[in-house]
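Architecture and fold: a report
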Amino acid sequence: MQRPEEIRILVGAAEVLTCTGPARETEQEDPAGRLAGGAVAIEGDEVVAVGDAKTLRQRYPDAAEERLDGGVLAPGWVDSHTHAVFGRWRADEFALRCTGVPYMEIARRGGGILSSVRDLRALSEDDLVERSLPRLAEMLQAGTTTAEVKSGYGLDTESELKTLRAIRRLNGMQPIDLVPTFLGAHEFPPEYRDDRDGYVDVLVKEMIPAVAEEGLAEFCDVFMEPGVYDRAQSERVLRAGMDHGLVPKLHADELEGSGAAELAAEIGAASADHLGAISETGVRALAGSETVATLLPGTLLVLGRKGYAPARALLDAGATVALATDFNPGSSPISSPALITGVACSQMGMSPAEALRAATVGGARALRREGKVGVLAPGARADLVHWGVEGASEIPYRFGAPLVRAVWRAGERVL
Ligand SMILES: [Zn+2]
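First things first, this report covers the structure right here in the doc. All residue numbers refer to positions counted from 1 along the written sequence of the respective chain. Totals for whole chains, interfaces and linings use every residue, but because this is a predicted model, local features are given only for residues with pLDDT of at least 70 and side-chain atom pairs only at 80 or more, for both listing and counting. Values reported for side chains reflect all heavy atoms of the structure, with hydrogen atoms and water molecules removed beforehand.

Focus on the coordination of the zinc ion
What counts here: For Na, K and Ca the donor cutoff is 3.2 Å, while for all other metals N, O and S atoms must lie within 2.8 Å; water is not among the atoms, so some sites may look incomplete. Think of it this way: with four donors and all angles in the 85 to 135 degree range, the site is tetrahedral; with four or six donors, opposite ones beyond 155 degrees and the rest between 65 and 115, it is square planar or octahedral; otherwise it is irregular. Strands here are runs of E lasting at least two residues and helices are runs of H or I lasting at least four, both read from the DSSP assignment and numbered beginning at the N terminus. Here's how the labels work: a residue is buried when its accessible area is under 20% of the maximum for its type, exposed when over 50%, partly exposed in between, all with a 1.4 Å probe on protein chains only.
Bound to the zinc ion are the protein donor atoms His81 (NE2), His83 (NE2), His251 (NE2) and Asp326 (OD), situated 2.1 to 2.7 Å from the metal. Viewed at the metal, the four donor atoms of the zinc ion are separated by angles of 80 to 168°, and the geometry they form is irregular. Sequence spacing among the residues donating to the zinc ion works out to H-x1-H-x167-H-x74-D. Taken together, the positions of His81 in the loop between β8 (77–79) and α2 (91–98) and Asp326 in the loop between β15 (321–323) and α13 (337–348) put the pair 245 residues apart, joining distant regions of the chain. Taking relative accessible area as the criterion, His81 reaches 0% and is therefore assigned buried. A relative accessible area of 3% places Asp326 in the buried class.

Digging into the nonpolar core
Convention followed: Residues grouped as a nonpolar core are buried Ala, Val, Leu, Ile, Met, Phe, Trp, Tyr and Cys residues, joined through side-chain atoms within 4.5 Å. We call two residues contacting when some pair of their heavy atoms lies within 4.5 Å.
Membership of the largest hydrophobic core comes to 104 residues, with the highest contact counts inside it found for Leu275, Leu295, Leu314 and Trp387. Ranked by residue count, the leading element in this core is helix α7 (residues 196–213), at nine residues. Apart from the residues lying within four places of it in its own chain, the contact partners of Leu275 are Ala252, Asp253, Glu254, Ala261, Leu286, Ala293, Thr294, Leu295, Ala309, Pro310 and Leu314. Grouped together as the second largest cluster of nonpolar side chains are 13 residues, Val16, Ile42, Ala382 and Ala406 included.

A word on the sheet that holds strand β6 (residues 64–67)
Applied cut-off: In this scheme, strands are said to pair when DSSP sees at least two bridges between them. A fitted line through C-alpha atoms serves as each axis, taken over the contacting stretch for helices, and the angle formed by two N-to-C directions is quoted from 0 to 180°.
Pairing in this open sheet of four strands is mixed, and the strands run β5-β4-β1-β6 from one edge to the other. Taken across any chain shown, the strands that pair with only one partner, and hence form the sheet edges, are β5 (46–52) and β6. Strand-to-strand twist of the sheet, defined as the mean angle between neighbouring strand axes without regard to direction, takes the value 25°. Here six bridges tie strand β4 (residues 38–43) to β5, and the two strands are oriented antiparallel to one another. Note on β5: the bridge partner recorded for Gly38 is Asp52.

Focus on the state of the cysteines
To keep it simple, the criterion reads: Any pair of cysteine sulfurs within 2.5 Å is marked as a disulfide.
A full pass over the atoms with the stated rule returns zero disulfides. Not part of a disulfide, Cys19 finds its nearest cysteine sulfur in Cys345, a span of 13 Å. Exposure remark for Cys19: the relative accessible area of 1% places this residue in the buried category.

Some thoughts on the pairing of β4
Taken across its six residues, β4 has six buried, putting it largely inside the fold. Across the two faces of β4 the burial is the same, with Gly38, Val40 and Ile42 and Ala39, Ala41 and Glu43 all buried. Relative to β4, strand β1 (residues 7–11) runs antiparallel, the two being bridged by four bridges. Across the sheet, Ile9 pairs through a bridge with Ala41, a residue of β4. Hairpin connection, β4 to β5: the antiparallel pair is bridged by two residues, and Gly44 has positive phi, about 60°.

Remember, this is a structural readout, not a statement about activity or role.
So, in structure tokens, the structure goes:
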């Protein structure tokens, strides 16, 4: 039943970015699905039509109009890989790294991921919520309307549950739609340094059942990398998660290849993330699967390294590529997906249209929300960003400049 009085049309943008094109740019096809002078019709919390203003006015003659003064209208970012809930920032370590102090030395002085673990364990759930709110506000200002957030700085049952409960509370307290991931296998906690399989037992027998019982996560993630979780341990954790209804995803082949992309494809993971050291077999495995290749170039940029993931090879092989911030206090204090799209273009050979699509549709697919978010098309949630730019390519080109003029989440203006 149509109730035209509830329909609104956003008109006046110079360009609408539908993000409904193919993953890879060709001469005929535009991954960003740009519509010059387009308009978007919204009913309640949903997009009902996208097209030129004249057609939409004819179709919905009684609709209210909201006039935009030029600019680009795009779907909100779907930031499909973040660690946005944590205790304190680690700018002190950044300063050390920038002057050449090696990571092992920083870790010896009490830094690194285990410093975030000590820190988070000492905080209450209320403290965590309090500290996270301004960070989520920063993400919203960057144009993010859906964000995955991982646990993984607790590394014991109580602290992991505390983190996921904080994420659940934060979901209702601010506009960004948060998608929770259990990452108890982010590292090994200090108390299990000499009994790694003992910690895997805790993950499988205690933490995953507890997380599933409270319905605290949708995904289960593992940091598979030489020296951290090996293939057997990773597979054991992911399969235990699957037995409890958690969809697998993987931190894969970040700095050294270890066949993690292949495991992700084999197990049917939603995504394999990082991939700076993916092998050719890994590229083929992802291209032949439903597993999204999620690229996180912000970490390499911040760490001052060069081993960017082979975005071009992945796209050309036919893989779905997503781009995300990896927002975290250690290796990527970057909250802006727009900045990440700029890095993807300048360092990884992606076109602006491919990068824009990867940070919207790509992210939606990595979070199993394809068609619901990350696109402007009938049936999608009305999550939109109005950008103060003349054309979409300016978004990556301006490298994270504050160009967001307005944000709507589920049809409601939230910024
Ligand atoms: Zn990560």
